[in-house]
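Spelled out from the first residue to the last, the chains are:
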Amino acid sequence: MKKLLIIEDDDKLCQNLTIGLKESGYVVTSANSGEEGLSLIMESIPDAILLDLNLPKRDGLEILQTLRKHYSTLPIIIISARDTVDERVLGLNLGADDYLVKPFAFSELLARLQALFRREQQNVYQHKAADLEMDVVQRKFYRSGQHIELTAREFDIMELLLRNKGQVVSRQTIAHDVWKQVQRATPLDNVIDVHIMRLRKKIDSADEDSYIQTVRGIGFCLKSE
Amino acid sequence: MKLTIKLKFILFNLLITIASLSIFYAAIYHRYSQKLIFEIDRGLEQNSGILKRVLKFDVNNKLDLYSQRDDGLLSYNGAPLDYRIWSESGLPLRRSVGMMFVESTSPKQLNNPYTETFAGIPYRMLNVEHIKYFNNSNVRLVLQLIHPMRAYQQNMTDLNRTMLFLFPIPLLLVALGSYWISQNNLKGLYKLIKDINQTNAENLSQSLPVTKMDEVGELTQAYNKLLSRLTSAFEALKRFTSDASHELRTPLMAIKSQGEIVLAKERQKTEYVDAIGAMLEDTQRLENLCTSLLQLARGDAGLSNLNKKEENLSSVVNYWINQFLPWAEEKNIYVSYDIKANIFFPMDQALLERVFINLIENAINYSTSPGKIEIKFFQEKDNIIFQIDDTAPVIAKEHRERVFQRFVRLDNTRNTASGAGLGLSISQLAAKKHNGIISIEKNPWPGNRFKLILKRSSESLHHDQ
C-alpha cells in the first residue's frame, strides 16, 4: 500500500481527502503546517506528498524547495487555488511533479496519483476489463476477441477508462488528458458526451447494460467485470 | 499654509518687483554717490590751487599762509578747507585746525583722490606735489587736501530714507494686483473644485456647466467627457455585478434546496446518489462560472500574461473542427469547411483556441436540426479570417453588439443549457488580446455568420487592448 502525506491547513478539505484516499486504498497521514509535515517526513518517508501552497507561516513553495533539497525523487503534487499559468509553471519548475488547481474533482486527484506511480512502473501495453481488450502499441481494440474500429479520440477515451477501470473518470480528466485542455471552463462537455455515446454504440450489445456507466455530477466509469 | 497657485503667483510677482526695484535703486545710489564725490573732488582740486597760492615761509623759516585769518578764509562750499602739509621725506609740517585731532597717516598717492576713514568719518583726500623755493633751493612739499564727508553721508542717508519710504508702495500695488488677477482667473477653478467634490456615485451623470471657454472651460469639458465615460463604465459594472450575483445565486440556490429536500425524510439509496450527483453538477456550473469571471476580470485588468508563439493556426482550426464533427453528425448538421493550410500566427494557443471552440460549439448548439454549417479560414493581405455560417435563428441587428456583453443570452432563441452567457464575452476578449475582433452578420440561408478577423501587423498590436 502506498503511503501519502497531505500538507494542507484547511481542516475540512484535509479530512475529506484523507477519508477519500483511505477508501481508495492509500495509507494517509496529514499535517496542518509545513513544519509539522517536515517532521512527519523525518519519521517515515511517504511515497508521495500532496502539498498546499497557502500555508500558515512558511509558504508551500518554501517547503517544496526544502523537500527537493533533501529528497530529490520524492513525488510531490501541489494542490492550490493559485491558478494562473505563471504560478503553475513556477510550482513545476521548483520541482513539483504535478499541479492540481482547487477546486479539483476527487477522481482527478486519484487519476493523477495513479499516473504518478505508473511513471515509476513499467509502461502498460495491454488493458483488459471483462471481455474488453486493448492493444496500446498497435492501437487495436477488441470485444470478445472481435476487433472494433475506433477513432483516435474514441481510442484515447477508452484507454483512459480502461486504465482507471472500476473508478470514476471525471469529464475534467477526459478534457485534460484527451483534448489537452488546461483551463477547466472550456466548453467541451457536448463533445465528450457525443464521443461517449458513439463509444457505447460501438462496444455495447443491445441486451446488456452499458460497459460505460454515467456517474451523475462526476463523469464516467468502466465496469470492471 | 499650502503653496497654492495663487500664492506662488503673488510671491513670484513680488520677488520680481523686489529684484527690479533693487537693481533700479542700486543704479540710482551709485550714480548719485558718484556725482557727489565728483563734486567733492573738483572742490579739492580748486582748494589745492588756493593752498598753493597762499603758502609761504615766514621770517622764522616756518611754513605759513598769507591769509591772516588762516584757514577760515579758505573754505569751500561753506565747509572749511582742511589740509595737511608734508615734507618730501614724509614729516608732517602743518595741518589745518579741522585736522588737529584727526589721526594722520602719510599721503598714499599723488593726484588721485581717495577716501580714508578715521573714527567712523570718511575723509576724501587729494595729494598734490608742490615745489617751493626756499633758502636758495627748491623744497619739495606734498599738499594733502582733505574734505570730511559729513554732508555726503547726510545726503546718502536722506536718499536711503526716501527710497525705504517709497519701496513698499510698488510692492503693495503688485501684491494686490496679482491677488486680484489670480483670484479673478482662478474663480472658475475653485468653483470647479467645489463641483467636483460634490460629485459622487449618485449624481455621476450630471455634467458640469461650461461658462467661459478659457483653460478652466476646457478642463470642465475634459472632466465632463471623463465623467460620461465613467458613467457608462459604472453602469456596466452595476449591471455586471447584479447579473453575476444572479448567476452565482442560481446554482447555489439549487444546491441548497436539493440538499434540504433530500434530507427532509428517509429515502432510497438511489435517491441520495441522484441528489448528490445533481448537487455536484451545480457545483460544476458554479466552478465554471467562477473560472470564467476570473478570466474576464483578469483580462479587464490586463493581468493575463500572454504566452504568444508563432504557430500553425490552420492545423489548430482543423483539429477543433474535427473534434466537433461527431456531435454535428449526431445533431444531423452537415458541416463543410475550407481551411487554407499553413497560416501561421503568433498566439497564446490556450486562449485563442477557446475562440474557435466557442464559435464552433455555438454554431452546432444553436443551428436547427437538420441544418448546415460552413466554415472558411483564409488570409486576406494582413487579415486572417475565420468565418462560420450556421443555420441558427438570425440574431437581429440591434442585438448583435449585445451578445458580446456579459451574461447576455437572447433567451427567446437560445436554450438554457448554454451556460451563463459569458462564452462570447471571453471569446471577444481573447480575440482582442490577439489584435482581432469578432463580428456578426446575417447569411442568406438564413442564419448567422460569425467572423473573426485577426490582424497580422504588429504595429497596431496594442491599440485595441
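Residues numbered from 1 in each chain as written. Chains lettered and ligands numbered in written order. Predicted model: local features only at pLDDT ≥ 70, side-chain atom pairs only at ≥ 80, totals over all residues. Heavy atoms only, no water.

1. Some words on the overall build of chain A
Within chain A, the secondary structure is distributed over eight helices and 12 strands. Within chain A, the fraction of its 225 residues that count as buried is 49%. Roughly 10,900 Å² of accessible area belongs to chain A as shown, and the carbon and sulfur atoms make up 48% of that amount. (Helix = DSSP H or I, 4+ residues; strand = E, 2+ residues; numbered from the N terminus. Buried < 20%, exposed > 50% of the residue type's maximum accessible area, 1.4 Å probe, protein only. Areas by Shrake-Rupley, 256 points an atom, 1.4 Å probe, with all protein chains shown as cover.)

2. Remarks on helix H6 (residues 152-163) of chain A
All names here are of chain A. Taking 1.5 Å per residue as the helical rise, H6 with its 12 residues ought to reach 16 Å, and the 16 Å between its terminal C-alpha atoms agrees with that figure. Counting buried positions along H6 yields 10 of 12 residues, so the element is predominantly enclosed. Within H6, burial applies to Arg153, Glu154, Phe155, Asp156, Ile157, Met158, Glu159, Leu160, Leu161 and Leu162. (Expected span 1.5 Å × (residues − 1).)

3. Points about the packing of helix H7 (residues 349-366) of chain B against helix H8 (residues 423-433) of chain B
Residue and element names in this part refer to chain B. Where H7 meets H8, the closest approach of the two axes is 9 Å, and the angle between their N-to-C directions is 140°. In terms of their interaxial angle, H7 and H8 are classed as oblique. Taken as a pair, H7 and H8 cross one another with a handedness that is left-handed. Contact residues: Leu351, Arg354, Val355, Asn358, Leu359 and Asn362 in H7; Gly423, Leu424, Ile426, Ser427, Ala430, Ala431 and Lys433 in H8. Its residues placed into classes, the contact of H7 with H8 shows seven nonpolar, four polar and two charged. (Axes fitted to C-alpha atoms, helices over the stretch in contact; angles between N-to-C directions. Parallel < 35°, antiparallel > 145°, perpendicular 65-115°, else oblique. Left-handed = near helix turned anticlockwise from the far one by under 90°. Contact = heavy atoms within 4.5 Å. Nonpolar A, V, L, I, M, F, W, Y, C, P; charged D, E, K, R; others polar.)

4. Some thoughts on the interface of chain B and chain A
Taken together, the contact between chain B and chain A spans 27 residues of the former and 25 residues of the latter. Summing both sides of the interface, chain B and chain A together bury roughly 2,500 Å²; the carbon and sulfur share of this comes to 47%. Three residues stand out in chain B for area buried against chain A, namely Glu287, Gln323 and Glu330 of chain B, and they jointly supply 20% of the buried area on that side. Summed over the shared surface of chain B and chain A, the result is six salt bridges. Going through the elements one at a time, helix H5 (269-300), helix H6 (313-330) and H7 of chain B are the ones with two or more residues in the side of chain B that touches chain A. (Buried area = accessible area lost by both parts, 1.4 Å probe. Salt bridge = Lys/Arg side-chain N within 4 Å of Asp/Glu carboxyl O.)

5. Describing the pairing of strand E4 (residues 76-80) of chain A
All names here are of chain A. In terms of burial, E4 is largely enclosed, as five of its five residues are buried. Side chains Ile76, Ile78 and Ser80 project from E4 onto one buried face, and the interleaved Ile77 and Ile79 project onto a second face that is buried too. In the sheet, strand E3 (residues 48-52) pairs with E4 via four bridges, with the strands oriented parallel. Counterpart to Ile49 in the pairing with E4 is Ile76. Both E4 and strand E5 (residues 98-101) contribute to a ladder of four bridges, which runs parallel. Along E5, the bridge assignment pairs Ile77 with Asp98. A crossover connection joins E4 to the parallel E5 through helix H4 (residues 85-93); in handedness this β-α-β unit is right-handed. (Pairing = 2+ DSSP bridges. Right-handed = clockwise from strand over helix to strand, strands pointing away.)

6. Things to note about the sheet that holds strand E9 (residues 137-148) of chain B
All names here are of chain B. Judged by pairing direction, the sheet is antiparallel, and its five strands sit side by side in the order E6-E5-E9-E8-E7 without closing on themselves. On the outer flanks of this sheet lie strand E6 (92-95) and strand E7 (114-118), each paired with one strand and no other. Between one strand axis and the next, the sheet turns by 30° as a mean value, whatever way the strands run. The strands that helix H1 (residues 5-54) touches are strand E5 (82-87), strand E8 (121-134) and E9; relative to E8, the one it contacts most, it runs at about 25°.

7. Overview of the confidence of the model for chain A
Note: predicted coordinates in regions of low pLDDT should not be interpreted at a detailed level. The predicted model of chain A has a mean per-residue pLDDT of 87, with 96% of residues at 70 or higher. Model confidence for chain A, summarised as mean pLDDT per element, is weakest for helix H5 (residues 106-120) of chain A at 83 and strongest for strand E1 (residues 3-7) of chain A at 93. (pLDDT = per-residue confidence, 0-100.)

8. Topic: the confidence of the model for chain B
Residues and elements named next belong to chain B. For chain B, per-residue confidence averages 83 on the pLDDT scale, and 91% of positions sit at 70 or higher. Every residue in residues 459-465 scores below 50 in pLDDT, and together they form seven contacts with partners more than four places removed in sequence or on other chains. What the predictor reports for the complex is a pTM of 0.64 with an ipTM of 0.76.

9. Some points on the pairing of E7 of chain B
Residues and elements named next belong to chain B. What you see with E7 is a clean split: Tyr114, Glu116 and Phe118 sit on the buried side and Thr115 and Thr117 on the side with no burial. Pairing geometry for E7 and E8, over five bridges, is antiparallel. Note that in E8 the partner of Tyr114 across the bridge is Met125. Hairpin connection from E7 to E8: two residues lie between these consecutive antiparallel strands, with Ala119 at a positive phi of about 50°.

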